[in-house]
Amino acid sequence: MLIFESIVSLQQYLKKTRENTSKIGFVPTMGALHEGHLALLKQAKQENDLVVCSIYVNPTQFDNQEDLTHYPRTLAADTEKLKYIQCDVLFAPTNIEMYPTPSLVAFSFGHLDKVMEGQYRAGHFSGMATVVAKFFNIVQPDTAYFGQKDLQQYLIVDQLIKSLSFPIQLVRHPIVREADGLAMSSRNRRLSPAQRAKAPKLYEALQLAADWLPKAAIVEVKRRTQEFLLQAEGPKVEYFEIAHGHTLEALTTYQPNTPTALCIAAFLGDVRLIDNLLLH
Ligand code: AMP
């Protein structure tokens, strides 16, 4: 596996490689790699001639300095995992390489970036879109892989690609879960054993909500779901929304054939977890 820290050297390599490589797949990550990330990379390996993975903890998408400071950084272990699955290229730039001058651009995605994560993490999606657009320009992949774990991010990247006419095919990978249902996340390693034991309640709550949806009003489903997590002394809910799966507009009634997203964010101590279920 080739490892690049510099944009210019990566671009020089990719320019040469493109002459006899028909398809480049790209998987952007913030590192602390787990089986969820690796599943995206394995799919990318199957569908492309060359796979580029980036590892970069992007400061412009963190609204909370504490979260940025505590974000796990495990580059040596990540490199070994990438070699093991035969990733071709790792791009791991420094902050100065990515932002030689402070970033002044800002993105807005209408309703999509105002709700849920956008409502609770000020500037998060503008920072995310900035770094993803920079990566798209640097790597110029044919295909880019994003996880459903961050559904709102996926929908915004889809909008970004359409708005800026990036010639990139976007692929959404399903959520990879632990055996007990907890969605894999780099932040899970910050959970204490007691918190880790409670964490699967989040997915349980989503499944219960999905079961209730055809039989009860949406307000009632939301109430029962919050109640379940309270009773179970599970993660403390920041938001729980039932929305259209493409636009994220809140749904007032459940329609069996409408794409429906159940999205939740909750805290265990100071660790923030998100999860979702997509119906239809
Ligand atoms: P991150 O390093 O958290 O920014 O994640 C990098 C990419 O991996 C994003 O597209 C995430 O949605 C995706 N991802 C993270 N965790 C999972 C998971 N459990 N299942 C599927 N995709 C995931």
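A. Inspection of the overall build of the protein chain at higher detail. Along the protein chain, the regular secondary structure elements total 11 helices and 9 strands. Relative to a compact globule of 280 residues, whose C-alpha radius of gyration would be 19 Å, the protein chain shows 19 Å and is just as compact. A principal-axis box enclosing the C-alpha atoms of the protein chain has dimensions of 60 × 40 × 35 Å. Of all 280 residues assigned to the protein chain, the portion counted as buried reaches 55%. Across the protein chain, the fraction of contacts at a sequence separation of at least 24, relative to all contacts at a separation of at least 6, is 73%. Summing over all exposed atoms, the protein chain offers an accessible surface of approximately 13,300 Å²; the carbon and sulfur share of this is 52%. Within the protein chain, one finds 28 positive and 29 negative side-chain charges whose respective centroids are separated by 1 Å.

B. Seen up close, the packing of aromatic side chains. Counted by the stated rule, this structure contains 9 aromatic pairs. Linked through ring pairs, Phe-26, Tyr-56, Phe-91, Phe-135, Phe-136 and Phe-166 together constitute an aromatic cluster. Positioned above the aromatic ring of Tyr-203 is the side chain of Arg-177, whose terminal nitrogen or guanidinium carbon lies 3.6 Å from the ring centre. Positioned over the ring face of Trp-212 is Arg-224, at 5.4 Å from the centre of the ring.

C. Main features of the packing of helix α7 (residues 124–139) against helix α8 (residues 151–163). It is the contact of α7 with α8, at a shortest axis distance of 10 Å, that shows an interaxial angle of 55°. One finds that α7 runs oblique with respect to α8. Remark: the crossing between α7 and α8 carries right-handed chirality. On α8, the residues that touch Phe-125, Met-128, Ala-129, Val-132, Ala-133 and Phe-136 of α7 are Gln-152, Gln-153, Ile-156, Val-157, Leu-160 and Ile-161. Across the contact of α7 with α8, the residue classes tally to 10 nonpolar, 2 polar and no charged.

D. Region of the structure containing the sheet that holds strand β7 (residues 236–244). On the basis of which strands lie adjacent, the open sheet formed by 3 strands has the order β7-β8-β9 and antiparallel pairing. Of all strands in the sheet, those bounded by a partner on one side alone are β7 and β9 (271–279). Going across the sheet, the axis of each strand differs from the next one's by a mean of 10°, ignoring polarity. Of the strand pairs in this sheet, β7 and strand β8 (residues 260–268) are connected by 8 bridges, and their pairing is antiparallel. Bridged to Tyr-239 within β8 is Ala-265. Along the sheet, helix α10 (residues 201–212) contacts β7, β8 and β9; its crossing angle with β9, the most-contacted strand, is approximately 30°.

E. Examining the sheet that holds strand β4 (residues 89–91) more closely. Pairing within the open sheet is parallel, and its 6 strands lie in the order β1-β4-β3-β2-β5-β6. Looking at which strands have only one partner, the edges of the open sheet turn out to be β1 (2–4) and β6 (169–173). Neighbouring strand axes in the sheet, compared pairwise and without regard to direction, differ in orientation by 25° on average. Note: strand β5 (residues 143–147) against β6, 5 bridges, orientation parallel. Note that in β6 the partner of Thr-143 across the bridge is Gln-169. Taken strand by strand, α7 contacts β2 (24–29), β3 (50–55), β4 and β5, and its axis lies near 150° from that of β2.

F. Fine view of the pattern of salt bridges. This structure, assessed with the given rule, holds 17 salt bridges. For Glu-35, the salt bridge is made with Lys-42, and the minimal N-O distance between the two is 3.9 Å. With relative accessibility at 42%, the residue Glu-35 sits in the partly exposed group. One connected set of salt bridges, linked through shared partners, spans Asp-63, Glu-117, Arg-121, Glu-238 and Arg-272.

Calculation notes
- Residues numbered from 1 in each chain as written.
- Predicted model: local features only at pLDDT ≥ 70, side-chain atom pairs only at ≥ 80, totals over all residues.
- Heavy atoms only, no water.
- Helix = DSSP H or I, 4+ residues; strand = E, 2+ residues; numbered from the N terminus.
- Rg over C-alpha atoms; globule rule 2.2 N^0.38 Å.
- Buried < 20%, exposed > 50% of the residue type's maximum accessible area, 1.4 Å probe, protein only.
- Contact = heavy atoms within 4.5 Å.
- Areas by Shrake-Rupley, 256 points an atom, 1.4 Å probe, with all protein chains shown as cover.
- Lys, Arg positive; Asp, Glu negative; His and termini not counted.
- Charge placed at Lys NZ, Arg CZ, Asp CG, Glu CD.
- Phe/Tyr/Trp six-rings, centres within 6.5 Å; stacked < 30°, edge-to-face > 60°.
- Lys NZ or Arg CZ within 6 Å of the ring centre and 35° of its normal.
- Axes fitted to C-alpha atoms, helices over the stretch in contact; angles between N-to-C directions.
- Parallel < 35°, antiparallel > 145°, perpendicular 65-115°, else oblique.
- Left-handed = near helix turned anticlockwise from the far one by under 90°.
- Nonpolar A, V, L, I, M, F, W, Y, C, P; charged D, E, K, R; others polar.
- Pairing = 2+ DSSP bridges.
- Salt bridge = Lys/Arg side-chain N within 4 Å of Asp/Glu carboxyl O.

Take it as geometry only, folks, not as evidence of what the structure does.
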